[in-house]
Structures are given as C-alpha cells and as structure tokens.
Amino acid sequence: MRRPLFKKIKTNQLEISEELLQSDESVKNDYISGNLLLDIPKIKELYSYPKNIDFKVREFTIHMMGRKAVLFFIPSMTETKLIDEEIIKPLILAAKEIIDIPSAISISSIKEEKLISAAVSELNTGATLLLVDGLNVIYVLNTSSSAGRSVEKPQNETTLLGPKESFVERADQNISLIRKKIRSEDFTVEKMIIGGRSKNEVYIIYNKELAGEKVLAEVKSRIGAVQKDAVQNLGLLIQHIEDRSTSLFPTILQTERPDRAASFIEDGHVIVVMNNSPFALVTPATFWSFYHSADDHYLRFIYGNFTRLLRMTAMFITLFTPSIYIAITNYHIEMLPADLLLAIAGAREMVPFPAILELLMMEMAFELIREAGIRVPTPIGPTIGIVGALILGQAAVEANVVSPIVVIVVALTGLSSFAISDVNLNYAIRIARFGFLLSASLFGIFGMVGIFMIGLFYLSVVKTFGVPYLAPLTPKYKSSKDTLFRRVLKNEKFRPAFVKTKDLTKEPVQNE
Amino acid sequence: MKIGGSLVKVEKDLIGIKEFFSVIVFMISTKATDMTTTKLFEDTFNAAWMVIIGSFVIILPSIIVLNLVLKKHQTKNLLEILQLAMGRQVAFGIGFILFLFLLVNTSVESRSYADQLITMNFPKTPLFILYFAFLLFCLWGAKKGWESLGSVAWMIFPYVTIALGILVFLLAKDAYLNRIFPLFGSGKWEVAKASFNYVTIYAEAFYIAMLYPFVKDHKTYTRGLFGSLGYTVLMMMILYLCYTLVFDYRSVGKITYPFNEATRLVTIGRVITNIETFFLTFWLLVIIVKFAVYLYLVSMLFGFVFNIKEFEHTLIPITILVLLLGMIPTNQIDNIFIFKEKIMMFSKYIFLLLPPFLWLILKVKAVRNG
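As the structure is a prediction and not an experimental result, all values here were calculated from the model. (Residues numbered from 1 in each chain as written. Chains lettered and ligands numbered in written order. Predicted model: local features only at pLDDT ≥ 70, side-chain atom pairs only at ≥ 80, totals over all residues. Heavy atoms only, no water.)

What follows covers the interface of chain A and chain B. Note: interface size is frequently given as the accessible area lost on complex formation between the parts. At the junction of the two partners, chain A supplies 35 residues and chain B supplies 39 residues. The contact between chain A and chain B buries some 3300 Å² in all, and 74% of this surface belongs to carbon and sulfur atoms. Our count for the contact surface shared by chain A and chain B stands at zero salt bridges. The tally of links between chain A and chain B comes to six residue pairs in polar contact (both at pLDDT 80 or more). A per-element tally of the side of chain A that touches chain B places helix H17 (residues 445–461) of chain A first, with 14 residues. Partitioned by chemical class, the residues of the side of chain A that touches chain B number 22 nonpolar, eight polar and five charged. (Contact = heavy atoms within 4.5 Å. Buried area = accessible area lost by both parts, 1.4 Å probe. Salt bridge = Lys/Arg side-chain N within 4 Å of Asp/Glu carboxyl O. Polar contact = N/O pair within 3.5 Å; in protein donor to acceptor, adjacent residues only side chain to side chain. Helix = DSSP H or I, 4+ residues; strand = E, 2+ residues; numbered from the N terminus. Nonpolar A, V, L, I, M, F, W, Y, C, P; charged D, E, K, R; others polar.)

Following this line, the structure appears as structure tokens:
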C-alpha cells in the first residue's frame, strides 16, 4: 500500500527522453489481454529477454484444456524444483479435464492479477507468473526462494541463558522468528516499499493492541519520506530515519536477537525488519535500551543486576580512566598517596613525552589494533591482537616511549570497553572518551565535569521518535523502573509509558 | 478521549516536582559552600547556622504571600502579574531593577566561584580562561532550555546527595559537640541583625517565580518550592554546623573557604588522605547547573523587560556581559566585600516588600472592580 507521503519520491523526474518514458510506462500499465501472442513479447521486452539470462520463459500446452500456456520466472530467486514438480507436471500430465487453473496446481499461494505492473513486481520478488491463452488473468504463484544462510547463533549479543538464535538476511524468516514468540492475533506486520528503483521491502512489526499510535505513525511517515532510489538494508535505512544524523549517540536500537525484538514488541515498541539485514530496528530506543542486554532479565534478579553493575562500571572506566589519570597526575597530585605518586613518577622518569601525548599515542594504537582486528581475515585475527597488545606494549615500555602505568590504563580502558555490548553505544563511548581526555589535559577535573555536563545537557534534549532519550528517568514516566538496575520480575508490572502504549499494565488476562 | 487525556502528556517545557525541587535546592544550598559562608562566619562566628534559620523565618511570609498571588493567576509568571497589578511602566521599572540586581549578582557570584576554584584547586590556570570555560559550560546548559536544566538537576541530585552525606559522615570524626558554644556566637542581637541582612540567601525563591508557568501545576510548584526550601535550610544548617563543630569558635571566622577546607580535612583510612577532588567533582556538577539556571533567568528577565519573546536568543550576549562584568573586580575581596555587600544591602528590601505590596494592590483592585 502506498501512502501519500511516499509519493513524494516521484516528484523529481529524471531526465529521460519522453518516448522512452512513455513506452516503458505504457507496457507496465497495460492490462493483460488474454492473447499470448500479444502478452508474451511485452513481458519479454520488459526483461530484455534473450539478452538477460536471469529470466526464463517456459512455453507449453495444457492438453486437458487445449490451450497454450507460458511461465515466466527469475531462476536465481525461485525454487525451480517447485516449478517442475508442482506447476508444470500437474498441468502437462493432468488426466482429467482442467476447468480452472488453481485447482490443477499444487502450490500453496496463488494470486490473480490483471495489471502487468502488479504482476511484474511480484515476479521481481521471486514469484512465477502463469499466463494461459484465452484467459485474461495472470496467475502469480509463490515459488520464491533466494540464497541465504540458515538461522545461526548471535554474533554480537551473546547471552548465557537466552535463546541461541539470531536474525538472518531474510525478512520472512526474521518475522517468523519473532512471531513464534508472540502467538497472538494482534501481532501485525505491515509492508512498505521504498527505493523508487530497487523497490526494497520494509516490514513494520508491532502489536496493534499495544503499540503507541504516535510512534507508529511517526515510523511509517519517516520511512515513507525516504528519498532515495535504493535503500538496500537496515544499516542504511537507519541513517535515513533517525532523529539526529550527526549525533554522537544512537537513537535507534539494532538488535540481532529475535527474543529481544519480541520483548520490545510486547512493551509497545515498533520493530522494523528488512531483507538483507541480519538484525531488526527497535523504535523508539531510549538510552537505557542500549545499556541493557538480553541476559539482564534471563539471569536471576541479583545476578542480572550484578552484570548491570559491571557494565555500568565498565562504561565509567572506559569513559573516565584515561582522563582521570591525566587530571590527577597533572592537576590534582595530592589525591595520590605518596608511595603511589613516587611509583608513577619513577616509572615516568625515562619517558620523554608529556603524559597526555603518551596516553593519546597508546589509545590510538589500541583503537588501531581493534579496528584492524575487525577487518583482518578471521584466521589471523587473534594473531593481530596478540602481536599488537603484547609485543607492541612490551616493546614500547622497554624502549621508554611510554610508561608501564599508561599501558595499564589503556589496557583497562580497552578491556572495559568490550563489556559494553551494544555496537553503537560502544562507538559513542569510545569516541567521547577522547573528548574527556583532551578536556582533562586542559582543565583537570574541572574540564572533565564540564564536558560531562555538556553531554548530560545534550542527552536531556535528544528525542527518539518523539520520546525523550533519558525517559523514564527524566522526565518521569510511569514504567517498571528498568533503567540502571532492574526490579524483581514480579514487580515489573508496567509497560514504559513513554512509548504511549495503549495498555499500560502487564496484568495477566488468565492463565489456562 | 480517555487516552488523549490521561496518558499522552503535554511535554513542552513543563517540569515535574523532582526537577523543580532539585533546581531550587542546588541554587540555594550552594551558598553553604561559597563566600557567603565566609561573610556569615565573620559576622556571627559559630552562630551562623542560626542565621540560616533566622533569615528563612524572616523571609517566609513574603514567599507565602507570593505563592498566594501566583495561585490566583495560574498561567502568568511573576513579571506578568506585576504588569497586571501596576501597569506597564512600573512593571518595567521594577523588572529592570530586578534584572540589574540579578545580572550583577550573577557576575559577582560566578566570579567568586571562579576565584574560589583558582585559589583552592587550579592555582596555575589563568582566571579569564577558567572563567570563560566555566561560563561556556553554563551557557551550553542554559541554551538547552528550562526542561533540560530541570532534568539534569534531577539526574545528578541523588549522587550529589550521597557525596554530601559522605562528607558530613567523614567530618563527624573531627567534630566536637561542645564547639557549638557559645551558642549565640557574637551575641543575640548580632544574630538577629545578620538574619535580617542575609535574607537574600533565599532570593532565588523569588526569581524562580518567573518560571511559574513552566512548572506542571500549582500543587507541584508549591510542594516543590516549600519542600526544597525546607530541605535546603536543613542541609545548609547541617553544613554550617559541621564547619562550626570542626573548626571551632573564632577560628571558623578566619577561614576563607570553609567548604574546601573541610573537604581537605577528611580522610578515608590512613592511605587515602586527600579526597577533595572527589567532592570537587560533585560541587562542580552542582554549580554548573546553578549558573546555567542563573543565566537562563537573567536572559528571561531581559526578554521580559525589553519585550523579546524569544529570549533564549539573548543568552549569548547576556553571558558575554556577565563575563565582562565579572572580570571588573580586581580580586575576591573587592568582589565580595564591596559589590556583593551592596547588592545584598539593597535587594533585600525588594524581596521582603514586593510580595505583600503586590498582594495588597491586587486585593484593592479586586475589591474596586467588585
């Protein structure tokens, strides 16, 4: 279904010569005539048939009807075995007279179309078109199957006790992965098509009894307003629909766990899924949803909160350790006990650089190792880590380029940053720490607090799909108070009110 | 329209009780950590904690009257009510005077904090650079608007409270209860005089009335205001008492920065002996919020007086003005003992007399109009 906003895409017509445009449009907008001699060339022309090898035409005669028929399909996106066994075979080998086609074919989904353009768009997604001479209707048979991997374990969001399946690159599989966790008639999947040229399908998933109307409308209108001729996957879509494109902090959550997506749907959020993306988008996503991980709720109350505490500590260490080191050694030396101060001074004695330069060098080196570790081919990945971290650090210390204490600081920071599970938040925090580092070298603790406050002020005005980023902490909303720590599961009775859900309480209807 | 009425909140610019509470607490209670303490201790020695209560008692009737006036005109702020009661000209006059007081007060106070920072923690940083950076942080906060100021204040409030609790707990080790005597310090009359002179400690309770329409409703405003004032008085009293009990009679009057000295005094065990930077962190958090609110208020007053609807655009020029004014005094002594004393001397009458006066005029007008 096309929405008014979506039509905006058509506003800027490209400079194509008039004739071309007309002929192309005219074929597409034609209705099927029922005469194969007329219809076949039309469709063949659309796909520039003999030249284009990824398009097949199969003509045959249905003897039991005494009519000619033709099949169109794209071999790379269809299950050819299905066409052989379930379409061609029954039609050719039929023993009894065939009265209507759907009763003669054993394919689960058959649709009838009259408009060529509608049929062609189905053909593009892997359906097979069946035309029979004398019948002015196109049968659209669902035979789609594209290459892809099967459901595997999550790569980024691993848990100890949660389910071990993750999204794949196929939208229909992803939807079924979510759906099997919510067996309800309220579970709704809407399809939108974006990208004027590549016709990418976007699936918007929500619970119609829970999702907030405002958020849902906002998501739809933002997706509809995307002005691009091709948006291949969610990683690109996210950049078209997020609130602040240049913001340091992410406002849309990407999760590769169906169970997490399902729990967000049950809280009234809206999920977006797309082909070619092994994850789903969660909107709106507050700061806390980036900080949380799936395991927090699968583990028991105390263990779950313990991991949250660790993660928070890790965040603070990542953000502040290098800058605190700089601030204290440069501005607030009295903080350190005398023995420690002497130890640090002794270790730095041979180092020719100022502390800030030393630290920036090591931090950069660590970031480089990390980036290289992601990009190198898998077999030599670990080697890079070992060579980089161990040998480089050791050699740098022995060459008196950096002091051992800086290696400790950088290693601690780097290790802690791995505990932040969300990829986007991870980047945000790793980048922000350089801001703290520079401010600490200029103004000590004062500069750090200043930058921290700037960040806090900034976060307090960011909105994600109309929802304050730090909700429900401030401004306050009714919720289960699942922010820094979580509550006992029995006491988590409310859906977060900031998504404007229609049903705020999570009361059980009646267990059978 | 049950959904529309109950669940969908109006989010624009309205803040809740927690946010309002923490803003006022921050704005006023920081006066137990700055040069106000120095002046108070100089005047009344170890009875300074009584002055906190005394001033509050003296100013309380005015605050209550002001609250009554505000309640009558739900959607209007203090200045709009002034205009309603006294006409455009007089309101302009009073507004302008208030603006001048607040502007000078903001620069004097911010300069004083900058001086305090430099003296105690950053002896090598140039004043202008530090002052500039400080106001820049505050400007950024003020630019984000009232809602954001409230949110941030509330976010840091619990942690600041915890830090303060730690400080008081650690100070208790060095405190001797007998140092509270002589109870009335330099004399009963002196305490009474000081209580009257220092009512401007609570001046923020009046300035904040300009933001009345931005608080969710009257009940939130009243509860937030009086709750926070009560809490503030208690907190300031505890801090003043701590200084007295730790530093002793007489000598407490000779310390320039009791708060910073107190944070230097405390130790955790025998190894960690200097944790003032820890407390400095939380103190900085608070004063950045405090002066961001100040800047916001100044520009709001400015916007009212000169009829600028989008007053947030004036924030940058106002901040520059504050910076320039703040750089005028040559040193802390000039700044506090000349400028601030003058402001306190004159402005206290406005806060004491304006609300009853306003109430009276509105009452007379109401009676006259039937």
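Here the narrative resumes, following the displayed structure.
Residue and element names in this part refer to chain A. When the UniProt feature table is mapped onto this chain numbering, "transmembrane region" (unreviewed entry) sits at residues 309–328, 372–395, 401–423 and 435–459. Across residues 309–328 one finds 100% helix and 0% strand; the C-alpha atoms that close the span lie 25 Å apart. When the span residues 435–459 is considered, its composition is 96% helix and 0% strand, and the gap between its end C-alpha atoms is 16 Å. (UniProt positions renumbered as here; feature names shortened; annotations may be inferred.)

Residue and element names in this part refer to chain A. On the basis of which strands lie adjacent, the open sheet formed by five strands has the order E6-E7-E9-E10-E8 and antiparallel pairing. Strands with a single pairing partner mark the edges of an open sheet, and in this sheet they are strand E6 (187–194) and strand E8 (253–255). Averaged over neighbouring strand pairs, the angle between their axes works out to 25° when direction is ignored. Two elements, E8 and strand E10 (residues 280–283), share three bridges in a ladder whose sense is antiparallel. Paired with Thr255 across the two strands is Ala280, which belongs to E10. Along the sheet, helix H8 (residues 258–266) contacts E6, strand E7 (200–207), E8, strand E9 (270–274) and E10; its crossing angle with E8, the most-contacted strand, is approximately 135°. (Pairing = 2+ DSSP bridges. Axes fitted to C-alpha atoms, helices over the stretch in contact; angles between N-to-C directions.)

With that out of the way, let us pick up the nonpolar core. The biggest cluster of nonpolar side chains holds 206 residues, and the ones touching the most others in it are Ile178(A), Ile271(A), Phe446(A), Met453(A), Trp146(B), Tyr207(B) and Ile208(B). With near-sequence residues (within four places) excluded, Ile208(B) lies in contact with Phe20(B), Val23(B), Ile24(B), Met27(B), Trp146(B), Tyr221(B) and Leu225(B). Listed in part, the 22 residues of the second largest apolar core include Ile194(A), Ile223(A), Val231(A) and Leu281(A). (Core = buried A, V, L, I, M, F, W, Y, C linked by side-chain atoms within 4.5 Å. Buried < 20%, exposed > 50% of the residue type's maximum accessible area, 1.4 Å probe, protein only.)

Residues and elements named next belong to chain A. Covered by surrounding structure in E10 are Ala280 and Val282 together with Leu281 and Thr283, the residues of both alternating faces. Across three bridges, E9 lies against E10 in antiparallel orientation. Pairing of Val270 across the sheet is with Thr283, part of E10. The antiparallel hairpin formed by E9 and E10 contains five residues in its connecting segment, where Asn276 sits at a positive phi of about 70°.

Another aspect to go through is the confidence of the model for chain B. Detail in the predicted coordinates should be disregarded across regions flagged by low pLDDT. Residues and elements named next belong to chain B. Per-residue confidence for chain B averages 88 on the pLDDT scale, and 96% of its residues sit at or above 70. Element-level pLDDT for chain B is lowest in helix H1 (residues 2–7), with a mean of 33, against a maximum mean of 95 in helix H6 (residues 127–143). Residue range residues 1–11 is modelled with pLDDT below 50. Its contacts to residues more than four positions away, or to other chains, number 14 contacts. (pLDDT = per-residue confidence, 0-100.)

Okay, helix H15 (residues 404–417) of chain A next. All names here are of chain A. Along its 14 residues, H15 runs 20 Å from first to last C-alpha, staying within 8% of the 20 Å computed at 1.5 Å per residue. Inspection of H15 places Val406, Val409, Val410, Thr413, Gly414, Ser416 and Ser417 among the buried residues, and these make up the whole buried set. Around the axis of H15, the buried residues are gathered within 170° of arc, so they sit on the same side. Exposed positions of H15 whose direction lies more than 90 degrees from the buried face are Ile408 and Leu415. Elements in contact with the buried residues of H15: helix H11 (301–330), helix H13 (355–375) and helix H16 (423–443). (Expected span 1.5 Å × (residues − 1). Arc of directions from axis to C-beta.)

Taken together, the side chains of Leu248(A), Ile374(A), Val423(A), Tyr427(A) and Ile431(A) present a nonpolar region at the surface, about 420 Å² in accessible area. Broken down by element, the residue count for the nonpolar patch peaks at three residues, all from H16(A). (Patch = residues over 30% accessible without salt bridge, like charges linked within 9 Å, V, L, I, M, F, W, Y side chains within 5 Å. Areas by Shrake-Rupley, 256 points an atom, 1.4 Å probe, with all protein chains shown as cover.)

Before going further, it helps to spend a moment on the domain arrangement of chain A. According to the domain assignment, chain A contains domain 1 (31–141), domain 2 (171–285) and domain 3 (300–467). Between the C-alpha centres of domain 1 of chain A and domain 2 of chain A there is a distance of 33 Å. (Domains from an automatic or database assignment.)

Time to look at the side chain of Thr232(B). Within the secondary structure, Thr232(B) is located in helix H10 (residues 218–247). Contact partners of Thr232(B), with chain neighbours within four places excluded, come to Val25(B), Ile28(B) and Ser29(B).

Right, let's get into the sheet that holds strand E2 (residues 67–73) of chain A. Residue and element names in this part refer to chain A. Read across the sheet, five strands follow the order E1-E2-E4-E5-E3 without closing on themselves; strand pairing throughout is antiparallel. Of all the strands in the sheet, the pair left with one neighbour each is strand E1 (56–62) and strand E3 (110–113). Geometrically, the sheet is characterised by an average inter-axis angle of 25° between neighbouring strands, direction not taken into account. Here four bridges tie E3 to strand E5 (residues 138–141), and the two strands are oriented antiparallel to one another. Among the inter-strand pairings, Lys111 is bridged to a residue of E5, identified as Val140. Helix H2 (residues 36–46) rests against E1, E2 and strand E4 (128–132) of the sheet, and its axis sits at about 10° to E2.

Turning our attention to the pattern of salt bridges. Oppositely charged side chains may form a pair once their charged atoms are brought near each other. According to the stated counting rule, one finds 31 salt bridges over all chains in the structure shown. Among the ionic pairs, Glu371(A) bridges to Arg375(A), the shortest N-O distance being 2.7 Å. Note that Glu371(A) and Arg375(A) are positioned in helix H13 at a spacing of four residues, about one turn of the helix. Given the relative accessible area of 30%, Glu371(A) is considered partly exposed. In this structure, Arg111(B) engages Asp115(B) in a salt bridge whose closest nitrogen and oxygen atoms are separated by 3.0 Å. One end of the pair, Arg111(B), and the other, Asp115(B), are both in helix H5 (residues 78–120), four residues apart, so they sit about a helical turn from each other. Residue class for Arg111(B) comes out buried when judged on its relative accessible area of 3%. A relative accessible area of 9% means that Asp115(B) is categorised as buried. Because the salt bridges share partners, they merge into one network encompassing Asp296(A), Arg308(A), Arg311(A) and Asp482(A).

A few words now on the packing of H5(B) against helix H13 (residues 315–326) of chain B. Residue and element names in this part refer to chain B. Contact geometry of H5 with H13 gives a least axis separation of 8 Å together with a crossing angle of 60°. Judged by the inter-axis angle, H5 sits oblique to H13. Of the two possible hands of crossing, H5 and H13 adopt the one that is right-handed. Listed contacts from H13 to Phe99, Leu103, Thr106, Ser107, Ser110 and Arg111 of H5 are Ile318, Leu321, Val322, Leu325 and Gly326. The class makeup of the residues in the contact of H5 with H13 is six nonpolar, four polar and one charged. (Parallel < 35°, antiparallel > 145°, perpendicular 65-115°, else oblique. Left-handed = near helix turned anticlockwise from the far one by under 90°.)

Turning our eyes to something else, we now look at empty space enclosed by the protein. All names here are of chain B. The final tally for this structure, using the stated rule, is five cavities of 30 Å³ or more. Here the largest cavity is characterised by a volume of approximately 260 Å³. Mapped onto the lining of the largest cavity, the elements with two or more residues apiece are helix H2 (17–29), helix H7 (146–171), H10 and helix H12 (276–305). When residues of the lining of the largest cavity are assigned to their parent elements, the largest contribution, six residues, is made by H7. Its residues assigned to classes, the lining of the largest cavity shows 15 nonpolar, four polar and no charged. (1 Å grid on protein atoms, 1.4 Å probe; cavity = no way out; pocket = protein on both sides within 12 Å on 5 of 7 lines; lining within 4 Å. Points joined across faces, edges and corners; volume = space filled by probe spheres on them.)

Turning to unusual backbone geometry, a few remarks are in order. Omega for the bond connecting Thr474(A) with Pro475(A) falls within 30 degrees of zero, at -5°, which places this linkage in the cis form. Along the chain, Pro475(A) falls in the segment after strand E12 (467–468). For the peptide bond that leads from Phe181(B) to Pro182(B), omega is 0°, which places it in the cis range. With respect to the helices and strands, Pro182(B) occurs in the loop between H7 and helix H8 (188–197).

Further remarks concern the packing of aromatic side chains. Scanning all chains against the criterion turns up 46 aromatic pairs over all chains. Considering the side-chain rings of Phe96(B) and Phe99(B), the 6.2 Å spacing of their centres and the 40° angle between planes classify their relative orientation as tilted. Within this pair, Phe96(B) and its partner Phe99(B) are both found in helix H5, separated by three residues, close to a single helical turn. Of the residues examined, Phe96(B) reaches a relative accessible area of 30% and is grouped as partly exposed. By relative accessible area, which is 5% here, Phe99(B) ends up buried. Three or more aromatic residues joined by ring pairs form one cluster here, namely Tyr331(A), Phe443(A), Phe446(A), Tyr113(B), Phe122(B), Phe134(B), Phe137(B), Phe259(B), Trp283(B), Phe291(B) and Tyr294(B). Directly above the aromatic system of Tyr291(A) lies the positively charged group of Arg311(A), at a separation of 5.8 Å from the ring centroid. A cation sits over an aromatic face here: Arg370(A) above Phe418(A), 4.1 Å from the ring centre. (Phe/Tyr/Trp six-rings, centres within 6.5 Å; stacked < 30°, edge-to-face > 60°. Lys NZ or Arg CZ within 6 Å of the ring centre and 35° of its normal.)

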